[in-house]
Amino acid sequence: MDTLNNFINGTIALFGDPLGVLIFFGGVIGGMLFGAIPGVSMLTLAAILLPFTAHLSPEHGIMLFSVIYCTGVYGGAITAILFNIPGSPENAPTAFDGYPMTQKGQAGKAVGAAVMCSAIGGTVSAVIMMIATAPIASWAISAFGPPEIFALVFFGLAVASSVGARTFWKGWLSILLGLLIAVVGLDPVGGIERWDFGMPYLLAGIHFIPTILGFFAVSEVLIQVEKKAKGSYKAPKLSVDFPSLAELFSQKIAVIRSIIIGFFCGILPGIGATLAAFMGYNEAVRWSKDRKEFGTGKMEGVVSSETANNAATGAAMIPLLALGLPGGALTAMMVGVFQMHDMEPGPLVFLNSADLVWVVFSAMFFANLSILLIGYLETKTIINLLRIPFQFLAPLILLLATVGAYAVRGLPIDIVVMFVAGIVGFFLRRSGYSVAGIVLGLILGRIGEQTFAQAMQMLHFEWLGFISRPIALTLIIAGILTLFSSIYSSFFKKPT
Amino acid sequence: MNFTKYLTSGLLACGMTLVSNVSFAACATDSLPNSLAGPNGFPERALTMIVPYGPAGGSGQVAQAMAQAVTELTEVSINRDHKPGGSGTVGMTAYMALPSDGYSVLEHIDDASSAHALDSSKPNPASDLIPLVISQITFSQIFIRTNEDRFTDWNSFVEWVKAQNGKATIANVSKEGSMERVTMKAISDATGISIQQISFDKGAPRYGALAGGQVDALFEQPGDVRKFLDAGTFKPILTILPEAPSAFPDVPALSDAGLDFEPLYRFRGFYVHKDAPADRVEWLQWAFQKAYCEQSYQDFNKSKFMHLIESFRDTEGARSLISTTIDQYRNVYKEMGLDVK
């Protein structure tokens, strides 16, 4: 009852204040817009707004950032689905099936599924956040250390081998290429310089946003250009049909599974929505009877990715508010907002600033719900961009991608990386390799290498130390079984 | 010569000025004029501040606070351009490529000094740049969980670590040649303990590792974990300063713990190209040094425990601190057998 009362009071405080309402809707729309523009993500908006929050009340400042977080994670799904340009890394798996759906004339259904599932994932996550922030946070940081996170990454990579590639072996080669790219730059534990070829910029590694833009957007433009040259190009059929209730209901298992996965990834400090989206997608593939259909325009792919990444938003607030541990860049900026008002997130926030906490909880709940309404309107309007003829759309996509690649760090080398990735991706896709696997290897490789090195230090370089940690052991066994099952299938099962 | 003697001889000069238990009634730059006209209308447009780290970390926050203070003082806008990566190398490289016209400044930390100490081909912040101001100097501490029952203070921690035969763990940023690794080596040598350092490059997983019991202790600066101290989650058991500062009177400092080495400090400051026009540099020195005493910046530093030891260095003071630090690191690296170039 206390929770409900607190929620009602938080809601009254949120919507009983005209300035609060204005900030709430400004955050909802701003998050969606900035989330949709590659490179210029919700983080850019948050960084711009950070100094101004000093002039807002703490409630308004924190609420604004939490709302931007919810809607920004969703915003990037639109460009991922319509143009194969993920607005943010956490939307990359959405493009795996979202863009093929657009090509099949199902853009409306893909965007509709993204809208619905982002809202559901985020709202459920917000409710769990309200009910059990403190105990969940304590459990997560106690149960999941570097060995467990490494095991989770290993499991994720084992599952991912079947995503998007023509054969199992090409899938693994794609992932290994991603892992290879991930080792460029300083090693994450000892700071040893690797593969930098004497170029200081490479010490920071190959950034995954230009890589994603290259492998997805640029390579796609090249493929369509080739089709145009050969006369086989077909413009995507425009469709603004939302998925039917029956279609959405048929995705219930995928939604529940992705909520659990997304929430779970979100509460781990430093992991967050990107891993959540990839893991959600991977598990959808693993549990599906129609694995081969993933990557060709299967709605379950969009549903799994978008549910999981939004489910991570509420979860990421749990370690932030309960323990003062930000899960990602945006929640880290929220710490800055707290500090500007002489406050620190952590256990004392619940004692000293309970009103603020419940305004934020309420705002996140309603921000996720508002994705439904604004997302619906957005679907009916933005999809019309597909009416633009390809000869105009292609340069627009390349321009947008170039701006996005440069905007991440303001480094020209990121534009070069994007175009190289685009050209390499073009040839790899023609040969049946998986650009999704490469990107997955790149993103999970960084996390995996770091946590592996930390785990080995913690376990005093004894491999058998993993056995003494039940969660890590379970995940590693699951990964090994998945791996052998895939190898067995590649040798002994006929392609369907 | 042994390792601790290097440390003892190295930073003593600047270390003595970082005396704890000193109250600073007047601000360091109160004697500077309250306003100073820029040469020939400089600056005619906004300044750019290159920040080699992300906006949310300690460097991002000090850059934001200093930019705000300079703007409050001069009404000149400062655009912060974050170029994270490579432990500050990317931002430094990007900055060195910008025009030396005084319109761009660089924020950097002591990592730039240790990087130059290890590899002299990397820019020396004291001579390849002009330090405008060092605005944060802080010390480190060893923290444990408050509800820890295996050990409760420094002495019992040392005894417990010795009994673990190298199995005890401490979270820090233990990259090769880092201040943390160098300091931990000094502590290990002085106490005879062997402790496994676990490197976490981001704060949240590092603090989570201690809070969640994944590691036994944490090496950190007190301002970065203030919320955990205020919440009673962590407690310091050793202050890596010669004497205990006023905010931590009951926590043993190096002299109390019988550790005979001079500590290394974490410092953050602001720089401009050495070839920038001298009159513009002079104005920038005034603006950044005077902004240090703006109320908003002082409040910020206080919230980060940066008032416990004198955080201010002007250009010459900064050069002295950086040069001494580089010498000290270089000696320690040779002692550690690292390849000093």
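Refer to the structure above for everything that follows.
Residues numbered from 1 in each chain as written. Chains lettered and ligands numbered in written order. Predicted model: local features only at pLDDT ≥ 70, side-chain atom pairs only at ≥ 80, totals over all residues. Heavy atoms only, no water.

**Student:** Mind showing me how you'd approach the overall build of chain B here?
**Tutor:** Secondary structure summary: chain B contains twelve helices and ten strands in total. Radius of gyration (C-alpha) of chain B: 20 Å, near the 20 Å computed for a compact globule of 341 residues. Expressed as lengths along the three principal axes of its C-alpha atoms, the size of chain B is roughly 70 × 45 × 35 Å. Counting over 341 residues, chain B shows a buried share of 59%. Sequence separation of 24 or more characterises 80% of the internal contacts of chain B that already satisfy a separation of 6 or more. Approximately 12300 Å² of chain B is accessible, and the part contributed by carbon and sulfur atoms is 46%. (Helix = DSSP H or I, 4+ residues; strand = E, 2+ residues; numbered from the N terminus. Rg over C-alpha atoms; globule rule 2.2 N^0.38 Å. Buried < 20%, exposed > 50% of the residue type's maximum accessible area, 1.4 Å probe, protein only. Contact = heavy atoms within 4.5 Å. Areas by Shrake-Rupley, 256 points an atom, 1.4 Å probe, with all protein chains shown as cover.)

**Student:** So what exactly am I meant to see when it comes to the environment of B:Pro252 here?
**Tutor:** All names here are of chain B. For Pro 252, the location among the structural elements is in the loop between β9 (234-239) and β10 (266-273). By relative accessible area, which is 23% here, Pro 252 ends up partly exposed. Sequence-distant contacts of Pro 252, that is, excluding residues within four places in its chain, are made with Trp 154, Ile 237, Leu 238 and Thr 239.

**Student:** Help me understand the nonpolar core, please; the structure alone is not making it clear to me.
**Tutor:** Within soluble globular proteins, side chains that are nonpolar generally end up buried alongside one another. Of all hydrophobic cores here, the largest spans 198 residues; its most connected members are B:Ile142 and B:Phe288. Here this core takes 16 residues from helix α6 (residues 107-143) of chain A, the largest share from any one element. Excluding anything up to four places from it in sequence, B:Phe288 contacts B:Met49, B:Met66, B:Val70, B:Ile78, B:Val105, B:Leu132, B:Val133 and B:Phe270. Residues A:Leu152, A:Val435, A:Met456 and A:Phe466 belong to the second largest nonpolar core, which totals 62 residues. (Core = buried A, V, L, I, M, F, W, Y, C linked by side-chain atoms within 4.5 Å.)

**Student:** So what exactly am I meant to see when it comes to the state of the cysteines here?
**Tutor:** Chemically, a disulfide is nothing more than a covalent bond linking the sulfur atoms of two cysteines. Inspection of every chain in the model, using the stated rule, returns one disulfide over all chains. Residue B:Cys27 pairs covalently with B:Cys293 via a disulfide, S to S 1.9 Å. Across the S-S bond of B:Cys27 and B:Cys293 the torsion is about -90 degrees, and the bridge reads as left-handed. Of this pair, B:Cys27 sits in the loop between α2 (12-15) and β1 (47-51) while B:Cys293 sits in the loop between α10 (278-291) and α11 (295-303); the two residues are 266 residues apart in sequence, bridging distant segments of the chain. The class for B:Cys27 is buried, based on a relative accessible area of 19%. The closest cysteine sulfur to the non-disulfide-bonded A:Cys117 is located on A:Cys70, 16 Å from its own sulfur. Sulfur of A:Cys265: no disulfide; nearest cysteine sulfur belongs to A:Cys117 and is 17 Å away. (Disulfide = S-S within 2.5 Å.)

**Student:** Got a minute to help me understand the interface of chain A and chain B in this structure?
**Tutor:** How big an interface is tends to be reported as the loss of accessible area on association of its parts. At the interface, 46 residues of chain A touch 42 residues of chain B. Between chain A and chain B, the buried area comes to about 3300 Å², and carbon and sulfur atoms account for 59% of it. In this assembly, chain A and chain B are joined by one salt bridge. The partner of A:Glu462 in a salt bridge is B:Lys167, and the shortest N-O contact between them spans 3.2 Å. Contributing elements (two or more residues each) for the side of chain A that touches chain B: α6, α14 (329-340), α15 (347-352) and α19 (435-458) of chain A. (Buried area = accessible area lost by both parts, 1.4 Å probe. Salt bridge = Lys/Arg side-chain N within 4 Å of Asp/Glu carboxyl O.)

**Student:** Would you mind showing me how to read the sheet that holds β10(B) here?
**Tutor:** Strand pairing in a sheet relies on backbone hydrogen bonds. The paired strands run either parallel or antiparallel. Residues and elements named next belong to chain B. With respect to topology, five strands assemble into an open sheet ordered β2-β1-β3-β10-β4, the strand pairing being mixed. Each having just a single partner strand, β2 (78-82) and β4 (129-138) make up the two edges of the open sheet. The mean angle between the axes of side-by-side strands here comes to 25 degrees, regardless of whether they run parallel or antiparallel. Pairing of β1 with strand β3 (residues 104-109) involves three bridges; the strand directions are parallel. Paired with Met 49 across the bridge in β3 is Val 105. In the packing of α10 onto the sheet, the strands contacted are β1, β2, β3, β4 and β10, and the crossing angle to β4 comes to about 10 degrees. (Pairing = 2+ DSSP bridges. Axes fitted to C-alpha atoms, helices over the stretch in contact; angles between N-to-C directions.)

**Student:** Even after reading the chapter, I still don't get the sheet that holds strand β8 (residues 217-220) of chain B, so can you show me in this structure?
**Tutor:** Spatially, five strands are ordered β7-β6-β8-β5-β9 (chain B) in an open sheet, and the strand pairing comes out mixed. This sheet does not close on itself; its edge strands, each paired only once, are β7 (196-199) and β9 of chain B. Mean inter-strand twist for the sheet, computed between neighbouring axes without regard to direction, equals 30 degrees. With three bridges joining them, strand β5 (residues 141-145) of chain B and β8(B) adopt antiparallel strand pairing. By the bridge assignment for β8(B), B:Phe143 is matched with B:Leu218. Each of β6 (169-172) and β7 of chain B touches α19(A); the most contacted strand, β7(B), lies at about 165 degrees to it.

No statement about biological role is implied by the geometric values presented.
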